[in-house]
Structure formats: C-alpha cells, structure tokens
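Observations on the model geometry
Single-letter residue listing:
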Amino acid sequence: MIEINHVNKWYGPTFQALKDCTTKVAKGEVVVVCGPSGSGKSTLIKCVNALEPIQEGEIILDGIKVNDPKTDLPKLRARVGMVFQHFELFPHLRIIENLCLGQEKVLGRSHDEAMAKGAKLLDRVGLKVHANKYPAELSGGQQQRVAIARALAMDPIAMLFDEPTSALDPEMISEVLDVMVDLAREGMTMMVVTHEMGFARKVAHRVIFMDQGEIVEDALKDDFFGKPRSDRAQKFLSKILSH
Amino acid sequence: MNYNWNWSIFFEPAPGGTGTYFHMLLSGLWLTIQTGIFAWIIALIFGSVIGVLRTLPSKTAYWIGFAWVEFFRNMPLLVQLFLWFFVLPELLPRSWGLWLKQMPNAPFYTAAIGIGLFMSARVAVQLGAGIASLPRGQKQAATALGLTTLQGYRYVLLPIAFRIIMPPLTSEFLNTIKNTAVAITIGLIELTGQARSMQEFSFQVFEAFTAATVMYLLINIVVVTGMRFLERSLAIPGYITGK
Amino acid sequence: MFANFDFDVIRRSLGYLFLDGMAFTLTLTGLSALGGIIFGTLIALMRLSGFKVLGRIAGLYVDFMRSLPLVLVIFWFYFLVPYVGQWLTGASRPISVGAFTSALVTFIMFEAAYFSEIMRAGIQSISKGQPAAANALGMTYAQTMRYVVLPQAFRNMLPVLLTQTIVLFQDTSLVYVLSMPDFLGAASKVAQRDGRLVEMYLFAAVVYFTISCAASFAVRRLQARISIVR
C-alpha cells in the first residue's frame, strides 16, 4: 500500500531531515512510528502524501509514485486520510461543514450525500449532538475525534496520524485512542506517529524506531518490545516506559 | 477673533442656482461616498489577488506581489493621480488618449481607479500578513484533504484571514474615503472641494469647513459602526481572532 | 512614444526643482516629523497618564484628526492660523504667517495624532517591571519616563516612526492645494509654464519613488539590525 524507498530529504542546503529511509506498509497493516523529538518521524509521514517534498528516493502509494511531477496530487491526497497533532479543524466552519467540505469540493459529492455521510461518521465518533457547533466550542479530545471523522469521510484507503494525542490533556487521550483502536481492528491501513506505546502494544503490527532522520529499527511488534536490537531504541524505550 | 460668523449661510442659495449651500455640501458628500466605495471595491479586488500572490511559494508570484506593493506605496497618491490623469492619455495611442481625455466624469473614474490601486497595495499587505499569521497546519490540513491550492484559499485560508484582518481593513476603508479628498487636485468636486467652493463664494470659511468636518465625522461613525456590526455577525463562536 | 519628449526641460529646471522645491519638501518633512514626534509623545503620555479627563481629551484629539482628510486639515489651518496668531499676539487684524509656517503647523498637528499612536504602542510594549524598577530606585514619574521608559519605547519604535516619516514625506506633496513651492509644486509650475506635463510629472514620480524606496530599504536594514541586537 505504502512503499518508501531510499528517501533523502534536506531542509536548506545543509540540514538532512531524512537519511535513506526505506520501509513498507502493507494493506490492512498498522505501523507505529516512534522516536525522540526531531528524529524525522513527522517529516517522514508528511512525505507520504507529499505535504513535504523529498529530494531523493521514491514514495509509492497504492501503485502511484507520489514524487512524480505528473501525479495529480490533490486526487491522490484525497484518498489518504491525515490527522494532525493540532487537529487543524477549520475554525470558521461548523463541525458538520468541516466533514462536508472535502467530500463536496474534492470528491464532488452532493450536499445531501455529504451531510448523510458526515452525520453517520459523527455518530460513530460519538459527537452527533455537536454537529452544528464550531470547533472552538469543543474540547481538544472532541476536536481530534472530529478530525478523524473528517478524514474518514473521504473514504480513505489508508490513514496517517501525526502525533494525534500529544497536544491533548491526559484525560482526553483515551477517547481518541479508542477511536483509533476500533479503526485498526476494522482493518484500516494505518501509519501512526505516536509515543503511546500502549496503543502500539494493543494494535500495531510493526514498530518503526527513528533517530536523527534514520530508520534505526523496523521490527514486528513483539520483537520490538521484547528485545530491541539497537542501543538507541533500548534507551528510548526505557525512558518512555519508565514513567 | 473678529470673524463674522453666519451660520444661516447654509440656507442661502448658492451660485449656480442648484439650491442652497447646504445642498452643495450634500452633493459633495454623496460624491465622496460614491468615489470611496468604488475605489474600495477596486482596492479589495486587486488587494486580495496581490495579497494572495505574496503568500504563494512561487518566486515569480512573490516578486509580482512585491513589485506591485512597492510601486503603489512609494509614490504620493497625488502624484499617482497626476500620472493617471495627465500623463497616461499622452502615452497611449492617439485615439485612445483622446477618448480618455473626452470621457465624461473623467475625474471621477480617475480618482476611483487611482485611489483604488493605491489602496490595493495596503490591502495586499494586510491580507498577506493575515494569511501568514494562520497556523501552517491549516494549509496542510486543506492540502491533505485533497483541496487544490485555489480551493484551499477559497474555502479555508481566505475566510479565516479576512475575519482576522477586519479591524485593520476598517481603517483602510476609512483611509480610502479620506483619500478621495486628494482628487480635488484633478477637479473632482467632492466634499472637501464643495466646502472649498463654498468658502470662495461666500467667504464664510469656518462655517464651510465645520460643516465638512462634521460630515466626515459622521461618515467615520457610520463606517465604524457598520464594520463592527459586520465583524460581530461574522465572528466565529469560541474562536478568538488574532490568536 | 517617447519620441517627442523634451527631457531637456528637466535638466534646465534641475536647480529650481531641487534647491528650491526639494529643499522645501525635505525641510517641511524633517521639522514636521520632529515636531510631530514630540507633540505625539506628549499626547501618548496624556493618554496613558491615568488622569481620566486628560486621557479623554488626548483620545478625542487623536480620533478627531484621524477622521479627517489631510487636505481638509490643510485648508483648515491655512485659514485658522492667522486668526490664532492674532489672538495670541493681540494684534488688531489676522496676521499673515506665510505658507511654510502654516504648512508646518498643519503637519505637526496632523501627524502628531499618528505618531502618538505609535509611541503609545511603544510605551505599552515596555514590560511593567521597568517602571517598577525605576520607581524602586526612587525616581519620580517624570524621571522614570524620561530616562527609562521613553528611550526604550523610542528605540523599539524607531523603524515604525521612520516608516511613518516616509508617509509624511509623501503627504507633504499635498501642500500643492495651496500652490506652495514644494517639490511637486515646483515641478508643476515648470510643467505648466513650458507645457511639459508628461515629462515633469513622470520625473516627479521617479524622484519620489526613488527616495521613498531607498528610505524604506534603509529602514528595513535598520529593523533587521535592531532585532538582532535585541
């Protein structure tokens, strides 16, 4: 589904954000990407739908090369859902309108069709009663659930999560993770940048550990948690699991 | 002060036989409002396009925006009006120039367009700053949904940015109206112009200018009140603009 | 299209344009900026003084000036200043003050409203700890303002004050409505005398553009340097 082959990325002439990254996410697979801050994990996931350009290597999404100038990027992006750290709901649109915008303007669905789909998804994330509110009237956890629903409304073939819980107050993290766990159990292809190792243990198939722009470890979940091969991953795990 | 006040002058007939001095001032007020609104529409249209150009990643777009703003910002408005009014017809092919010079209401159109373009540079700067102040994630979220750049601006960035810059836009609108007085130099007899003619005909200089002053203050009050009303009706519940 | 242009008319009148016209413009700009900043700072201090009436008067003055077109204000002062002069000196008739003085008074009074808003923002941007520290040293209110707050506010706002001065430089061209011999007035006189409007107005545009561009470029450089130091 997602293939990342020997990707190199630089910011400016000197700073290399990604160093020869290669990995793969198969259909229905849930892959968790972790690593210390500044390790390049957010950059990597944003390269998958070309929010960030890459200079070398290739990224292939469902058979289509992302970094090919001939690729119709808007069309490709519409097929991949993305959830951001800071939710990024559109503040001037009501919750239900946030769910309809992409469906109507990108997929060309009728307003009624979009509304019906939006209502169904809001119900699914437990926020149907808030359909006519504005984003700023909801809590962070609620906003992030809306953001997931917004992405799902596009009927994506895969979902990308960029630290979906790290901007949330602790008591709101589980409501978001619950939605993500359900999604994973339904067989959605997911690439998730997160520090939530509980989530990784529960539903991930594989775990990727990044440091300084490199993929240091790319292992099956049980292998990763059982006995990480690299020192860096061991250190990271002990730090993150100690509290 | 040995000045002979005569407040009843407003009800005396003005030379020209079109009514009293008060009528004369009112017609000036009306022309000021017309010119101001016409110019403001031009400023908004060009200012929006240029303001957006200044925020695009393209170098060419940036330079066009930069050149436009610097061109219109670094010359006195009076000189710009002279260029449009006296110089442009001479530089065009003969027949066009002649048509321009013989156009009825030439001062009105010249003033509206000249002031509109002058103000467009300032609208562009405000809008560019407004867009730049939005969190980067908003643009990424729009892109990730599959919206094209144009759609992203149309449905997400511009609606938020315009709300944020409402207060500075209000003062730019007032500046536009005030700037119409400069067109007195190309023969537009707007409010200040009518006050000046009243002073020349009647010698009641302070009454004439007091009346014009009061009318400008009224315009200000009406515009500020109207814009506040608009701002309030467009306000997004829970969202603090400028944050 | 430039074939029948007479660029020599510019060369012939350079002396008049710059030694008379531009000298008038620059002197008016410089003195108005100086006076406007001083008067504007006083207004800002009044607004922030905490005395309700004083603050109210200053606020009204600023709002009033900012509601009026500069052209109207120029006319106002042109006719008003002689009467005020008469009242001040106790003369028996309105005194004639001359074009330059009238323009100078106008621009100081008008621009002070705009400069005061800049200085007010500058004063408000100084952290509350600064006047508190000065007070703790035993300084009076006047000393605190004079030695601690105003120098910092002025320094922080210098780029904005200078940008406003560039606007003022362009605004001085409006004395044209009183047929005063500023740079544009001089260019216009030559234009009408020799029937060379196109050449003279284009030249005036180029000169204003060059000076304003160079000045705003310098301000940007200054701003970059100030923000590095801070």
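It should be noted that the structure appears before, not after, this text.
Residues numbered from 1 in each chain as written. Chains lettered and ligands numbered in written order. Predicted model: local features only at pLDDT ≥ 70, side-chain atom pairs only at ≥ 80, totals over all residues. Heavy atoms only, no water.

Helix and strand content of chain B: 10 helices and 0 strands. Across chain B, helices and strands are ordered from the amino to the carboxyl terminus as α-α-α-α-α-α-α-α-α-α. When the backbone C-alpha atoms are referred to their principal axes, chain B occupies close to 70 × 50 × 30 Å. For chain B, the proportion of its 243 residues judged to be buried stands at 54%. Put simply, 75% of the contacts in chain B that link residues at least 6 apart link residues at least 24 apart. (Helix = DSSP H or I, 4+ residues; strand = E, 2+ residues; numbered from the N terminus. Buried < 20%, exposed > 50% of the residue type's maximum accessible area, 1.4 Å probe, protein only. Contact = heavy atoms within 4.5 Å.)

Let us look at the packing of aromatic side chains. Here the structure, examined in full by the defined rule, presents 38 aromatic pairs over all chains. With 5.4 Å between their ring centres and 50° between their planes, Phe-18 of chain C and Phe-183 of chain C make a pair best called tilted. Taken together, the residues span a long stretch of sequence, with Phe-18 of chain C in helix α1 (residues 8-47) and Phe-183 of chain C in helix α7 (residues 183-194) at a distance of 165 residues. Relative accessible area serves as the criterion here: at 32%, Phe-18 of chain C is assigned to the partly exposed category. The structure contains a cluster of three or more aromatic residues connected by ring pairs, namely Tyr-3, Trp-5, Trp-7, Phe-10, Phe-206 and Phe-209 of chain B together with Phe-75, Trp-76, Tyr-78, Phe-79 and Tyr-83 of chain C. (Phe/Tyr/Trp six-rings, centres within 6.5 Å; stacked < 30°, edge-to-face > 60°.)

Quick look at the pattern of salt bridges now. Following the criterion strictly, the structure yields 24 salt bridges over all chains and no others. The shortest N-O distance in the salt bridge between Glu-186 of chain A and Arg-124 of chain A comes to 3.0 Å. With Glu-186 of chain A in the loop between α6 (170-185) and β8 (189-193) and Arg-124 of chain A in helix α4 (residues 111-124), this residue pair connects regions lying 62 residues apart in the sequence. Notably, a salt bridge pairs Glu-70 of chain B with Arg-220 of chain C, separated by 3.5 Å at the nearest N-O pair. (Salt bridge = Lys/Arg side-chain N within 4 Å of Asp/Glu carboxyl O.)

Moving on: the interface of chain B and chain C. Taken residue by residue, the interface counts 35 residues in chain B and 35 residues in chain C. For the chain B and chain C pair, buried surface summed over both sides reaches about 3,400 Å², with 76% attributable to carbon and sulfur atoms. Between chain B and chain C we count 1 salt bridge in total. Between chain B and chain C we count 7 residue pairs in polar contact (both at pLDDT 80 or more) in total. Among the secondary structure elements, those contributing two or more residues to the side of chain B that touches chain C are α2 (59-73), α3 (77-91), α9 (191-202) and α10 (205-234) of chain B. (Buried area = accessible area lost by both parts, 1.4 Å probe. Polar contact = N/O pair within 3.5 Å; in protein donor to acceptor, adjacent residues only side chain to side chain.)

So, on to α6 of chain A. Residue and element names in this part refer to chain A. For α6, with 16 residues, the first-to-last C-alpha span of 24 Å sits near the 22 Å given by 1.5 Å per residue. Buried within α6 we find Met-172, Ile-173, Val-176, Leu-177, Val-179, Met-180, Val-181, Leu-183 and Ala-184. Among the residues trailing α6, Gly-187 stands out with phi positive, at a value near 95°. (Expected span 1.5 Å × (residues − 1).)

All names here are of chain C. Between helix α3 (residues 70-89) and helix α4 (residues 99-125), the least distance of the axes is 9 Å, while the angle of their chain directions is 130°. One element, α3, and the other, α4, form an angle in the oblique class. Relative to α4, α3 is oriented so that their crossing is right-handed. Residue-level contacts link Leu-70, Val-73, Ile-74, Phe-77, Tyr-78 and Val-81 of α3 to Ser-102, Val-105, Thr-106, Phe-107, Met-109 and Phe-110 of α4. Of the residues in the contact of α3 with α4, the class split is 10 nonpolar, 2 polar and no charged. (Axes fitted to C-alpha atoms, helices over the stretch in contact; angles between N-to-C directions. Parallel < 35°, antiparallel > 145°, perpendicular 65-115°, else oblique. Left-handed = near helix turned anticlockwise from the far one by under 90°. Nonpolar A, V, L, I, M, F, W, Y, C, P; charged D, E, K, R; others polar.)

Here the focus is the interface of chain A and chain B. Opposite the 24 residues of chain A that make contact, chain B presents 22 residues. Summed over both sides, the interface of chain A with chain B buries roughly 2,000 Å², with 69% coming from carbon and sulfur. In this structure, the connection of chain A to chain B is made through 1 salt bridge.

This part takes up the nonpolar core. Met-191 of chain A together with Leu-184 of chain C are the most contacted members of the largest nonpolar core, which has 157 residues in total. Discounting chain neighbours no more than four positions away, the residues touching Leu-184 of chain C are Leu-78, Val-79 and Phe-82 of chain B together with Ser-173, Tyr-176, Tyr-201, Ala-204 and Tyr-208 of chain C. Ranked by size, the runner-up nonpolar core spans 53 residues in total, among them Ala-151, Ile-173, Val-181 and Ala-219 of chain A. (Core = buried A, V, L, I, M, F, W, Y, C linked by side-chain atoms within 4.5 Å.)

Residue and element names in this part refer to chain A. The strand order β6-β7-β8-β3-β9-β10 describes an open sheet built from 6 strands, whose pairing is mixed. Among the strands making up the open sheet, the edge pair consists of β6 (80-83) and β10 (214-220). Taking the axes of each pair of neighbouring strands and ignoring which way they run, one obtains an average angle of 15° across the sheet. Across the sheet, helix α9 (residues 231-241) touches β3 (30-34), β9 (206-211) and β10, and the angle it forms with β9 is around 100°. (Pairing = 2+ DSSP bridges.)

What follows is about the arrangement of the chains. The structure contains 2 pairs of chains in contact, of which chains B and C account for the largest number of contacts. You won't find any contact between chain A and chain C; their C-alpha atoms come no closer than 21 Å.

This part covers unusual backbone geometry. It is generally the case that most residues other than glycine have a negative phi and that most peptide bonds are trans. Positive phi outside glycine occurs at Asp-62 of chain A, with the angle close to 50°. For Asp-62 of chain A, the position within the fold is in the loop between β4 (56-61) and β5 (64-65). Look at Asp-62 of chain A and you get partly exposed, because its relative accessible area is 36%. For Phe-203 of chain B, which is not glycine, the phi dihedral falls at a positive 65°. Assignment of secondary structure puts Phe-203 of chain B in the loop between α9 and α10.

Here we take up the sheet that holds β5 of chain A. All names here are of chain A. Ordered by their spatial adjacency, 4 strands build an open sheet running β2-β1-β4-β5, and the pairing between neighbours is antiparallel. The strands lining the two open edges of the sheet, one partner per strand, are β2 (15-25) and β5. Bridging between strand β1 (residues 2-11) and β2 involves 7 bridges; their strand directions are antiparallel. Across the sheet, Ile-4 pairs through a bridge with Thr-23, a residue of β2. Of the strands in this sheet, β1, β2 and β4 touch helix α1 (residues 41-48), which is tilted by about 120° from β1.

The next subject is the environment of Glu-12 of chain B. All names here are of chain B. Tracing the chain through its elements places Glu-12 in the segment before α1 (21-53). It is 8.3 Å that separates the C-alpha atoms of Glu-12 and Phe-22, two residues lying 10 residues apart in sequence. In this structure Glu-12 touches Asn-6, Thr-20 and Tyr-21, once residues within four positions along its chain are discounted.

On to the packing of helix α5 (residues 140-152) of chain A against α6 of chain A, then. Residues and elements named next belong to chain A. Where α5 contacts α6, the two axes come as close as 8 Å, and the packing angle between them is 20°. Classified by the interaxial angle, the pair formed by α5 and α6 is roughly parallel. The interaxial crossing formed by α5 with α6 has right-handed handedness. From α5, Gly-140, Gly-141, Gln-142, Gln-144, Arg-145, Ile-148 and Leu-152 reach across to α6, where they touch Met-172, Glu-175, Val-176, Val-179, Met-180 and Leu-183. When grouped by side-chain class, the residues that make up the contact of α5 with α6 number 7 nonpolar, 4 polar and 2 charged.

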